[in-house]
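Structure assessment
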Amino acid sequence: MIKILFLFCAVYGYRTPLLNKVDPRCYENDFVRVWVYFTDKGISTDNYHKALQTVKEKMNKLSLERRKLRGGVIDYDDIPLNEEYVEAVEELGGLRLRKSKWLNAASYWIAKDDIDEIAALDFVYKITPVAYFKSPVENETAVLDTELFGLTYKQLQMFNIDSLHNRGIFGSNIKIGILDTGLRRVHTALDNVRVIAEHDFIDGDQIYMGDTPITERSGICSDLAFLKTGSRLNLFFSGDTIKYSVYPVRDIFYTYSTDEGNQWQPLIKLTDNFNNWVNAIDVCGNDTMFIFYRDRYGIKYIAYHDTVIASASITGQGYWQPSVVQVNDTVYITYQQKNYLYLNKGNAGGFIQERIIDSCQSSVKEPKILSNNSELAVFYHTYPEDTLYLVKGAVSDSIFIRTPIGNGESAEAINTGDTIFLVWKDATDVPLFKVAFARSTDFGDSFTDTILSDAFNSIEKISIEKFNSTITVMWSSAGKIYFRTSFDDGITFSSIDSLNQEFVYLPTLGSNSSGILNFYCSRGDSITDDYTPGEKDYWFPHHGTKMLGIIGGYSRNNYIGVAPAAQFLVAKTEKPDTSPPYEYPIEEDTWISGLEWLESRGADIVNSSLGYTEWYSWPDEFNGRTSPASIAASQAAKRGVIIVNSSGNFSVPRIVIPGDAEGVITVGGIDTLFNRWQYSGYFPTSDHTVHKPEIVSLSDAPIVVNPDSVNSYLYSSGTSGAAAMISGICALLLEGHPQWNVDSIRYALFSTASYAEAPNDSMGYGWPDALAAFDISPSTYHAEGGAFFLTPYPNPFLLTRHQTVYLPFQLDMSHIVEFRIYSINGRLIKKESREGTLLPGRYTDEDPTSPNAAFMWDGTDQDGKEVASGLYYCILITHGGGNDIAKIAVMR
């Protein structure tokens, strides 16, 4: 038995709860931001492979391709968290903030008084505080002559980067993730930087109706509820009172529209909390609206009619998940406490008729109440077995009869008279869930059901709405929202569709006089530059802009980044203070969320300047296995991502987290004379053999773009710049050797660096030689400078078999590019000009939307007619950089 348990723990990730689960620091303040780690993900050995297969099926294509190419794993840690574990912590008082599948943990605000009860849960592994990180201190001075030719020539030449540029290697098609303060694009050297995705993880949540935002961004939202009263549309949600979640506060906000949802009124705050938080909102009513909710102290309600009429508590602590319905002038509310289901009724004057209407051996969860005016129907499920039940009773009766519905949880339902439309998470095939729909025309005596979705490892909120004969069902999973629609009262449904957005939650349906409306919460946004003239300086995305400029900036003959042809994913996870030297306090749960997103979007390399030394005990906890950030960085490396982190800038030798992680390339600093920069952090060892950093690069002082200027530059100072240069070098190596994995890159860098034969603790293997690392093994890529076509394909081009002929090409400088195709007798067949100026690099991608797309020809002329068989000349024209010709044979 012990051997079986050990095997399960080792292979499937189960962690036996610690004897002392709680870090003592969690008790130092009345409220603490913590990680709650779980023992497992609610799956057994029997269904582990089934759950993992679903992860693979729903994984982003780019992430899957990178893992396959570089030997990255897909394993237990890719499975989402068990939502029931996450919600159980909320039931006991936790205010949820973020989730990490790699840590199998979620972060919460928790009151000190609630910690021990949460720790007692048998699926809680441990509880630790969320660390506050600071980026390394950095300084800068102006470059006096901004017209100087080749500002970056010296810093590129130091590491033989220019030699790879001369071969036409600029990092083409390599995706680099940036974890930093965001990106500002006013500088000319960033005009053409290839940002393929970006997300601001710091900016707050915003409520949308369809594609239209109806609230400002503010903190985190946890609940959303819609109610129509006459012609007025009402929306309620729980959200942070302050813009950023510095304190554990969440209140109820209310907005409404009197013109069908075209205009929404400014938010009204209905509660006034401090160190208290609201969730589990449900609403009902007509002229007077009733808003029920649960906070840390129990279930409460507000009666509202243009102003608060009444507000009071209904229960004490320990009660959860109110659901309400109004019958005539009476409001009925159900809620649960452990294994009991309660019913209460009342009005604005109070609710005092509480009674138990059902009980189970297991925990009762998520009741949902309906009425047809003569009867009450309550759906709920039990935990942990996930059995869905319906209990029914007459409005005037005290007897309720229970009927099992099936295997499932989280029921949502609406009704029109005796016809009930029910949706729930079907749990027939746990740990996988499907969205199920059922229809009853006899108020729940019988149902006909169907499955609406394929399998998900995790389904969050489900919502349903009806308008005339149209029914829409909407649900969320892993930050995406899906829906299906029926136009015949639920008899048949259209195919599954989605909002095609990321970071969207809380799907909530409603209706106006014209049809069904969809509401949802968007977390953060895709704009990482928050700069507005006149606002506080601390929103300027200075640091991230400078780092991205080092890697990917380009101003011809003036400022050349290390890998200007790379593609960038920008995650804004850090917020700067009000003034230099730019120390950026950030919670590690935000950084980890950004890292998981970058990996999911296919990042090949992630550059980070995150650093902290004071939170964890030096040197014992700097082992790569203690801090959540280091664990997450190691998880990313296991999945084929090259993680590059600065070593930190400190007068006392000390590296920063997550630079302690084994899979991370930790970068120290040197000056222009190749001497160690005096503030470069490292891990001192008694014998001075290499530990961390492994490699060094220029930190005193690389030239960076001035984020607040169109064309001026700065000297920067700090190991952040050194890390950015190494990230760029890694991109050059991957372009020439796309199948190299994390270990291959590390070996190529370290074995060809300056101290490869005698590494030490403060300089690692020394500074890199990008050319030597590139040539450590042969590259299959054509490597020479110039502007020219690469090999076209397919050639010959068979019109009866092929749809497109691809003509990849290479540039060694930025150019305006034009393509022309001529027949053998000199007739112009077709021409195409690429928009704007193209950066140097290789244009080989078959995706026409890619910034590195090859030229593509479908075998037609300017009028769209197919050309005749024969030989055709394709000309690449660069308007000053030289031309090139390729021949294509066209055959029918």
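Keep in mind that what you see is a predicted model, and the values were worked out from it rather than measured. (Residues numbered from 1 in each chain as written. Predicted model: local features only at pLDDT ≥ 70, side-chain atom pairs only at ≥ 80, totals over all residues. Heavy atoms only, no water.)

The residue Lys865 is located in the loop between strand S52 (855-857) and strand S53 (870-877) in this model. A relative accessible area of 55% means that Lys865 is categorised as exposed. In this structure, the C-alpha to C-alpha distance between Lys865 and Ser359, residues 506 residues apart in sequence, is 74 Å. (Helix = DSSP H or I, 4+ residues; strand = E, 2+ residues; numbered from the N terminus. Buried < 20%, exposed > 50% of the residue type's maximum accessible area, 1.4 Å probe, protein only.)

Moving on, we come to the nonpolar core. Ile665, Leu749 and Trp857 are the most contacted members of the largest nonpolar core, which totals 88 residues. Among the elements that make up this core, the one with the highest residue count is helix H11 (residues 719-736) (11 residues). Ignoring sequence-local partners within four residues, the contact set of Ile665 consists of Ile642, Ile643, Val644, Asn645, Glu694, Ile695, Ile726, Cys730, Ile745, Arg746, Leu749 and Phe750. Formed by 51 residues, the second largest nonpolar core is a distinct cluster that contains Tyr37, Ala197, Ile207 and Met209. (Core = buried A, V, L, I, M, F, W, Y, C linked by side-chain atoms within 4.5 Å. Contact = heavy atoms within 4.5 Å.)

To continue, consider the pairing of strand S41 (residues 642-646). With respect to burial, S41 is a largely interior element, five of its five residues being buried. Taking every second residue as pointing to the same face, both faces of S41 are buried, with Ile642, Val644 and Ser646 on one and Ile643 and Asn645 on the other. Summarising the sheet, strand S40 (residues 605-608) and S41 pair through four bridges and their orientation is parallel. Paired with Ile605 across the two strands is Ile642, which belongs to S41. Across four bridges, S41 lies against strand S42 (residues 664-671) in parallel orientation. Across the sheet, residue Ile643 finds its bridge partner in S42, namely Val664. (Pairing = 2+ DSSP bridges.)

The next point concerns the pairing of strand S28 (residues 434-440). Counting buried positions over the seven residues of S28 gives five, a clear majority of the element. Pairing of S28 with strand S29 (residues 448-451) involves four bridges; the strand directions are antiparallel. When the sheet's bridge partners are listed, Ala436 is paired in S29 with Ile451.

This part is about the packing of aromatic side chains. How two aromatic rings sit relative to each other is given by the distance of their centres and the angle of their planes. As enumerated under the stated definition, the model contains 44 aromatic pairs in all. Look at Trp35 and Tyr37: their rings are 6.4 Å apart centre to centre, the planes differ by 45°, and that puts the pair in the tilted class. Relative to Phe253, the ring of Phe237 lies with its centre 5.5 Å away and its plane at 20°, an arrangement referred to as stacked. Residue Phe237 is found in strand S11 (residues 232-239), and its partner Phe253 is found in strand S12 (residues 251-257); the two are separated by 16 residues along the sequence. With relative accessibility at 5%, the residue Phe237 sits in the buried group. Of the aromatic side chains, those joined through ring pairs into one cluster are Phe789, Phe809, Phe819, Tyr843 and Phe855. (Phe/Tyr/Trp six-rings, centres within 6.5 Å; stacked < 30°, edge-to-face > 60°.)

Helix-helix packing is described using two parameters, namely the angle between the two axes and the distance between the axes. Following both chains from N to C, one finds helix H9 (residues 588-600) and helix H10 (residues 628-638) inclined at 5°, their axes separated by 10 Å at the closest point. The angle between the axes of H9 and H10 places the two elements in the roughly parallel class. Within the contact between the two elements, H9 uses Glu588, Trp591, Ile592 and Leu595 and H10 uses Pro628, Ala629, Ala632, Ala633 and Ala636. Among the residues making up the contact of H9 with H10, the classes are represented as eight nonpolar, no polar and one charged. (Axes fitted to C-alpha atoms, helices over the stretch in contact; angles between N-to-C directions. Parallel < 35°, antiparallel > 145°, perpendicular 65-115°, else oblique. Nonpolar A, V, L, I, M, F, W, Y, C, P; charged D, E, K, R; others polar.)

Every buried residue of helix H2 (residues 48-58) is accounted for by Tyr48, Ala51, Leu52, Thr54 and Val55. The arc enclosing the buried residues of H2, seen along the axis, measures out at 155°, which places them on a common side. For H2, the exposed residues lying more than 90 degrees away from the buried face are His49 and Glu57. (Arc of directions from axis to C-beta.)

This paragraph deals with the UniProt feature "active site" (unreviewed entry) in the chain. Under the local residue numbering, the UniProt record ascribes the feature "active site" (unreviewed entry) to Asp180, His543 and Ser720. These annotated residues cover 541 residues of sequence, and their C-alpha atoms all fall within 10.3 Å of one another, placing them together at a single site. By the secondary structure assignment, Asp180 is in strand S7 (residues 175-180). Leave out the neighbours within four places in its chain, and Asp180 touches His543, Gly544, Met547, Ala571, Lys572, Thr573, Glu574 and Ser609. Of note is the side chain of Asp180, whose polar atom sits 2.8 Å from the side chain of His543. Relative to the elements of secondary structure, His543 occurs in helix H8 (residues 542-552). We classify His543 as buried; its relative accessible area is 1%. (UniProt positions renumbered as here; feature names shortened; annotations may be inferred. Polar contact = N/O pair within 3.5 Å; in protein donor to acceptor, adjacent residues only side chain to side chain.)

What follows covers unusual backbone geometry. The bulk of non-glycine residues show a negative phi, and the bulk of peptide bonds are trans. In this chain, Trp618 is followed by Pro619 through a cis amide linkage whose omega measures 0°. Relative to the assigned elements, Pro619 resides in the loop between S40 and H10. In this structure, the amide linkage connecting Asn795 to the following residue, Pro796, adopts the cis form with an omega of 15°. Checked against the element boundaries, Pro796 lands in the loop between strand S45 (788-789) and strand S46 (797-798). Of note, Asp489 is a non-glycine position whose phi angle comes to about 60°, a positive value. Looking at the element boundaries, Asp489 is found in the loop between strand S32 (480-486) and strand S33 (497-498). The class of Asp489 is partly exposed, set by a relative accessible area of 22%. Unusually for a residue other than glycine, Leu506 sits at a positive phi of about 55°. Locating Leu506 in the fold gives a position in strand S34 (residues 504-511). The class for Leu506 is buried, based on a relative accessible area of 13%.

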